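Each chain is listed here by its residues.
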Amino acid sequence: MRRATFAWVAAAAAVVVAAGPAMAGQGGEPEHGTPGTGEILPHPGPDGFIWIPDWIGNGGAVGAGLNMSGPPVTVTVGCQGGSSGAGEVHVSFGGGTTPVEFTVACPADTIGRGSAVVPVDRISSLSVGVETSAPDVHWGLTITQPDS
């Protein structure tokens, strides 16, 4: 039986609770994003562990259930600029002392995409943080691992 059912539930609950990297806001308060109403990235299917269809501003997620002796994990982010035009998102995945990091350009009029394939021996946790260049940048996230 596929382990994704539990992981989807855990990941969906965690995205709201663990709203990722904080930026200093006015008065020194951290700023966190909010759920969007669209779908930046489509559902990843049965290989998915985490799916965030649309989030606005900073955020992130945590989950469980990876096969630590299995094939590599793919982290994919799609994004679209906000009302001020194009933007970008910075992604940090895996925790530990050497997280995998990458940046994705977010055009104003279409969806930009970026991904990283990560061997499981480089992952210390199934956690991801997304920091946006502006508070109204939309992004979606998938983390997948095919069955071995």
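The following refers to the structure shown. (Residues numbered from 1 in each chain as written. Predicted model: local features only at pLDDT ≥ 70, side-chain atom pairs only at ≥ 80, totals over all residues. Heavy atoms only, no water.)

### So, the overall build of the protein chain
Now for step 1: Helix and strand counts for the protein chain come out as one helix and 11 strands.
Now for step 2: Each helix and strand of the protein chain, ordered N terminal to C terminal, gives the series α-β-β-β-β-β-β-β-β-β-β-β.
Now for step 3: Residue pairs in contact within the protein chain that sit at least 24 positions apart in sequence constitute 72% of those at least 6 positions apart. (Helix = DSSP H or I, 4+ residues; strand = E, 2+ residues; numbered from the N terminus. Contact = heavy atoms within 4.5 Å.)

### Overview of the nonpolar core
Now for step 1: Counting residues in each nonpolar core, the largest one holds 29 residues, and the members touching the most others are Ile 50, Val 89, Val 91, Phe 93, Trp 139, Leu 141 and Ile 143.
Now for step 2: Counting only elements with at least two residues in this core, the list comes to strand E4 (48–56), strand E6 (73–80), strand E7 (87–93), strand E8 (100–106), strand E9 (112–118), strand E10 (127–132) and strand E11 (138–144). (Core = buried A, V, L, I, M, F, W, Y, C linked by side-chain atoms within 4.5 Å. Buried < 20%, exposed > 50% of the residue type's maximum accessible area, 1.4 Å probe, protein only.)

### Section: the state of the cysteines
Now for step 1: Overall, the coordinates contain one disulfide when judged by the stated rule.
Now for step 2: Shown here is the disulfide that connects Cys 79 with Cys 106, its sulfur atoms set 2.1 Å apart. In this structure the cystine formed by Cys 79 and Cys 106 twists about its S-S bond by roughly -95°; its chirality is therefore left-handed. Of this pair, Cys 79 sits in strand E6 while Cys 106 sits in strand E8, and the two are 27 residues apart along the sequence. (Disulfide = S-S within 2.5 Å.)

### Overview of the sheet that holds strand E3 (residues 34–35)
Now for step 1: Pairing in this open sheet of five strands is antiparallel, and the strands run E3-E4-E11-E6-E9 from one edge to the other. Among the strands making up the open sheet, the edge pair consists of E3 and E9. (Pairing = 2+ DSSP bridges.)

### Considerations on the sheet that holds E7
Now for step 1: The sheet built from four strands is open, its strands ordered E5-E10-E7-E8 with antiparallel pairing. Each edge of the open sheet is held by one strand with a lone partner, namely strand E5 (59–62) and E8. The average undirected angle you get between the axes of adjacent strands in this sheet is 15°. (Axes fitted to C-alpha atoms, helices over the stretch in contact; angles between N-to-C directions.)

### A closer look at the side chain of Thr 132
Now for step 1: By the element assignment, Thr 132 lies in strand E10.
Now for step 2: Only 2.8 Å separates the side chain of Thr 132 from the backbone oxygen of Ala 134, close enough to count as a polar contact. (Polar contact = N/O pair within 3.5 Å; in protein donor to acceptor, adjacent residues only side chain to side chain.)

### Quick look at the pairing of E11
Now for step 1: With six of seven residues buried, E11 is to be regarded as a mostly interior element.
Now for step 2: Taken together, the seven bridges between E6 and E11 define a ladder with antiparallel strand orientation. If you follow Gln 80 over to E11, its bridge partner there is His 138.

### Examining the pairing of E7
Now for step 1: On E7, burial follows the alternation: Gly 87, Val 89, Val 91 and Phe 93 on one face are buried, whereas Glu 88, His 90 and Ser 92 on the facing-out side are not.
Now for step 2: Judged from the seven bridges that link them, E7 and E8 form a sheet pairing that is antiparallel. Residue Gly 87 lies in a different strand from E8, and its bridge partner there is Cys 106.
Now for step 3: Here five bridges tie E7 to E10, and the two strands are oriented antiparallel to one another.

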